[in-house]
Amino acid sequence: MKDGGIVIVGGGPAGLSAAIIAAQLGAPVTLIDDNPRLGGQLIKQTHKFFGSKSHYCGTRGVDIATILEQQIYSTPAKVILNTTVIGHFSPNILGLADRNTFTKLAYQRLIVATGASENTILFENNDLPGIYGAGAVQTLMNVFGIRPGNKVLMVGSGNIGLIVSYQLIQAGINVVAVIEALPKIGGYHVHAAKLARLGIPILTSHTIKAALGKEFVTGAVICRVDKNFKPIKGTEKRLKVDTICLAVGLSPLVELLSQIGCQMVFIPELGGQVAYHNENMETTVSGVYVAGDASGVEEASTAMLEGRIAGAHAAGNLLGKTAEAQAIINQAKLELAAIRQGPFGEKAAKGKEKMSYTVRQ
Amino acid sequence: MSKRTSKQTAPTRISDHPILKFERGREITFYFEGKPMKGYEGETIAAALVANGVKLFRYSEKHNRARGFFCAVGKCSSCLMVVDGKPNTMVCMEPLRAGVTVERQRGRGKI
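The structure contained in this document is the topic of the report that follows. Residues take numbers from 1 onward in each chain, read along the sequence in its written order. Note on labels: chains are lettered from A, ligands numbered from 1, in written order. A pLDDT threshold of at least 70 governs which residues receive local features in this predicted model, and a stricter bar of 80 or more applies before side-chain atom pairs are shown or counted, although totals over entire chains, interfaces and linings include all residues. To obtain the side-chain values, all non-hydrogen atoms of the structure were included, while hydrogens and water were left out.

**Quick word on the packing of aromatic side chains**
Consideration 1: The aromatic pairing rule takes the rings of Phe, Tyr and Trp, using the six-membered ring of Trp, and pairs them if the centres are within 6.5 Å, calling planes under 30 degrees apart stacked, those over 60 edge-to-face and the rest tilted. In total, this model carries 3 aromatic pairs over all chains according to the counting rule given.
Consideration 2: Cluster of aromatic residues (ring-pair linked, three or more members): A:Tyr132, B:Phe57 and B:Phe69.
Consideration 3: Above the face of the B:Tyr40 ring, B:Arg24 is positioned so that its terminal group lies 5.8 Å from the ring centre. Any Lys NZ or Arg CZ found within 6 Å of a ring centre and within 35 degrees of that ring's normal is scored as a charge over the ring.

**Details of the interface of chain B and chain A**
Consideration 1: At the interface, 37 residues of chain B touch 48 residues of chain A.
Consideration 2: Here chain B meets chain A over a buried area of about 3700 Å², counting both sides, of which 58% is carbon and sulfur.
Consideration 3: Within this document, salt bridges are pairs made up of a side-chain nitrogen of Lys or Arg and a carboxyl oxygen of Asp or Glu, the two lying within 4 Å of each other. For the pair chain B and chain A, the number of links is 4 salt bridges.
Consideration 4: Across the salt bridge formed by B:Lys75 and A:Asp34, the nearest N and O atoms sit 3.2 Å from each other.
Consideration 5: Two N or O atoms form a polar contact when they lie within 3.5 Å of each other; inside protein one atom must be a possible hydrogen donor and the other a possible acceptor, and for residues adjacent in sequence the pair counts only when both atoms belong to side chains. Along the contact surface separating chain B from chain A lie 13 residue pairs in polar contact (both at pLDDT 80 or more).
Consideration 6: Looking at the side of chain B that touches chain A, the elements with two or more residues in it are helix 1 (2–7), helix 2 (45–51) and strand 4 (66–67) of chain B.
Consideration 7: Going along the chain from the N terminus, every DSSP run of H or I of four or more residues is numbered as a helix, and every run of E of two or more is numbered as a strand. Broken down by element, the residue count for the side of chain B that touches chain A peaks at 3 residues, all from helix 2 of chain B. We call two residues in contact when some of their heavy atoms are within 4.5 Å. Accessible-area loss on putting two parts together, using a 1.4 Å probe and summing over both, is the definition of buried area adopted here.

**As for the sheet that holds strand 16 (residues 237–239) of chain A**
Pairing between the strands of a sheet is mediated by backbone hydrogen bonds and can be parallel or antiparallel.
All names here are of chain A.
Consideration 1: Taken together, the 3 strands give an open sheet; going across it, the order is 14-15-16, and neighbouring strands pair in antiparallel fashion. On the outer flanks of this sheet lie strand 14 (206–212) and strand 16, each paired with one strand and no other. Across the sheet, the axes of successive neighbouring strands diverge by a mean angle of 30°, strand direction being ignored.
Consideration 2: Across 6 bridges, the pairing between strand 14 and strand 15 (residues 219–224) is antiparallel. Between any two strands, pairing holds if DSSP finds at least two bridges. To obtain each axis, a line is fitted to C-alpha atoms, and for helices this fit is confined to the stretch in contact; angles are then taken between N-to-C directions over 0 to 180 degrees.

**Description of the sheet that holds strand 5 (residues 84–89) of chain A**
All names here are of chain A.
Consideration 1: Taken in spatial order, the 4 strands line up as 1-7-6-5 in an open sheet, and their pairing is mixed. The open sheet has two free edges, formed respectively by strand 1 (2–3) and strand 5, since each of these has just one partner strand.
Consideration 2: In this structure, strand 1 lies alongside strand 7 (residues 102–106), joined through 2 bridges in parallel fashion. Directly across from Asp3, in strand 7, lies its bridge partner Ala106.

**Comments concerning the nonpolar core**
Consideration 1: Counting 51 residues, the largest nonpolar core has A:Leu168, B:Phe30, B:Leu49, B:Phe57 and B:Phe69 as its most contacted members.
Consideration 2: Among the elements that line this core, the one with the most residues is helix 2 of chain B, at 7 residues.
Consideration 3: Core analysis: the second largest hydrophobic core is formed by 43 residues, A:Val29, A:Met304, A:Ile329 and A:Ala332 among them. What we call a nonpolar core is a set of buried Ala, Val, Leu, Ile, Met, Phe, Trp, Tyr and Cys residues that are connected through their side-chain atoms within 4.5 Å. Any residue under 20% of the maximum accessible area for its type is buried, any over 50% is exposed, and the rest in between are partly exposed; the area is computed with a 1.4 Å probe on protein chains only.

**Digging into the pairing of strand 6 (residues 86–90) of chain B**
Residues and elements named next belong to chain B.
Consideration 1: In this sheet, strand 6 lies alongside strand 5 (residues 80–83) in antiparallel orientation, the contact comprising 3 bridges. When the bridges of strand 6 are listed, Val83 appears paired with Lys86.
Consideration 2: Connecting strand 5 to the next strand, strand 6, in antiparallel fashion are 2 residues, including Asp84 with a positive phi near 50°.

**Overview of helix 3 (residues 134–143) of chain A**
Consideration 1: Counting buried residues along helix 3 of chain A, 9 of its 10 residues qualify, which places the element largely inside the surrounding structure.
Consideration 2: When we look at burial in helix 3 of chain A, the residues that qualify are A:Ala134, A:Gly135, A:Ala136, A:Val137, A:Gln138, A:Thr139, A:Leu140, A:Met141 and A:Asn142.
Consideration 3: If you follow the buried residues of helix 3 of chain A, they end up packed against strand 9 (116–118), strand 10 (131–133), helix 4 (159–170) and strand 17 (243–246) of chain A together with helix 2 of chain B.
Consideration 4: Positive backbone phi, at 70°, marks A:Gly145, one or two positions downstream of helix 3 of chain A.

**Considering the side chain of A:Ser295**
Consideration 1: Along the chain, the position of A:Ser295 falls in the loop between strand 21 (288–290) and helix 7 (300–319).
Consideration 2: Ignoring anything within four residues of it in the chain, the contact list for A:Ser295 reads A:Leu270, A:Val274, A:His277, A:Met281, A:Val290, A:Glu306 and A:Lys352.

**A word on unusual backbone geometry**
Phi is mostly negative for residues that are not glycine, and the peptide bonds are mostly trans.
Consideration 1: Omega for the peptide link from A:Ser90 to A:Pro91 comes to -15°, which places this bond in the cis form.
Consideration 2: You can see A:Pro91 is positioned in the loop between strand 5 and strand 6 (93–97).
Consideration 3: A positive phi angle is found at A:Asn92, which is not glycine, with a value near 60°.
Consideration 4: You can see A:Asn92 is positioned in the loop between strand 5 and strand 6.
Consideration 5: Given a relative accessible area of 33%, A:Asn92 falls into the partly exposed group.
Consideration 6: Even without glycine at this site, B:Glu33 takes up a positive phi of about 50°.
Consideration 7: Its location among the elements puts B:Glu33 in the loop between strand 1 (27–32) and strand 2 (35–40).
Consideration 8: Exposure remark for B:Glu33: the relative accessible area of 39% places this residue in the partly exposed category.

Honestly, it's all geometry; don't read function into it.
Printed below as a string of structure tokens:
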């Protein structure tokens, strides 16, 4: 059986950053991704990033994917694409499946950067064709250049809901409304303002009650909710739409970590079930690390920093090159703390803090 | 921009985009329920179907409900179809190939 050295599952911002750092520190690295292209969700993100220069501010997500892709290919790291890690065998062996074959790969250190999956919500007919997660809509229009529909109802006004709404308009699609169950807009004001300038209504204290249609979406029923999020009778309104886009949050993809036997904790602020990890991104299983959305749903900037920490720590741990690795870890931790101090990092910071508290008990 | 939103463009392929340029692969023909359709190499079967106006991908096992795709990243299993006779193919991850036959799946699909 082959040995992958430090094996990283997931080629998004976290996994790529981990792989680049570990390989640059001289460790043998294997990066596995189930897509034909590296970059994870970055490849569909056309918006420019915020933050500081070192976090690629002013650069579009899709361009960051290309930068990281070039960096990993300039190292001796082995990259395996179109391949899904479908299981874990003790000790230290992964089961890999591509379209035709199943293989096993041993690892010395493992970094799980599997990201997150789209949430859905309950409403009548929520399984109709034409109801997509926001990520799926982005894949269709920004990766393949295909319009998912012509008239879209966006559910959720977090940054993803706002950004994807704007991208839909850029793609020539009519966004009928953005609805939000909370009494205020969830995402950054700058994104909401762009929609407001185009006259797109953002309806707060509103939810979706039903999707209309038999074989695909032909409309939606929305209504107002009270302060306990209960629908208010008589406020129902029918919208003529052919697509409903759900931007209602993400849940960490933790199946692999759970199978490995990492201690799991439930932290709502991090998106649900996550593997306990310390500040070096180590889980409770020796040699197994986690980074990015799989460690708690946040954003690409923090995913890259967590990836750097996991990658540097795993490499230092394997090679005994601790001073060099430690310097990278210290720097990344400083930057991470700075990002999480911002108004939108507060939730994740609280979640991470809660996690260490939960386990210490 | 507001002008473009009000136009309600009918074709589902995006040709002009303010930020992105779409480099499509070779145009190829595939078959959906026996009907020839055009798509491009490098895209997924799910993407090509949507571009051809097909949203309904399968009927669910228990209640025969219409299903399309939801996540497009191989996680939700909502997009299982019969591809070249093989049921339960996740078409949001399956690359489009010339001449491939794609059918709606009913229930669990026959192997």
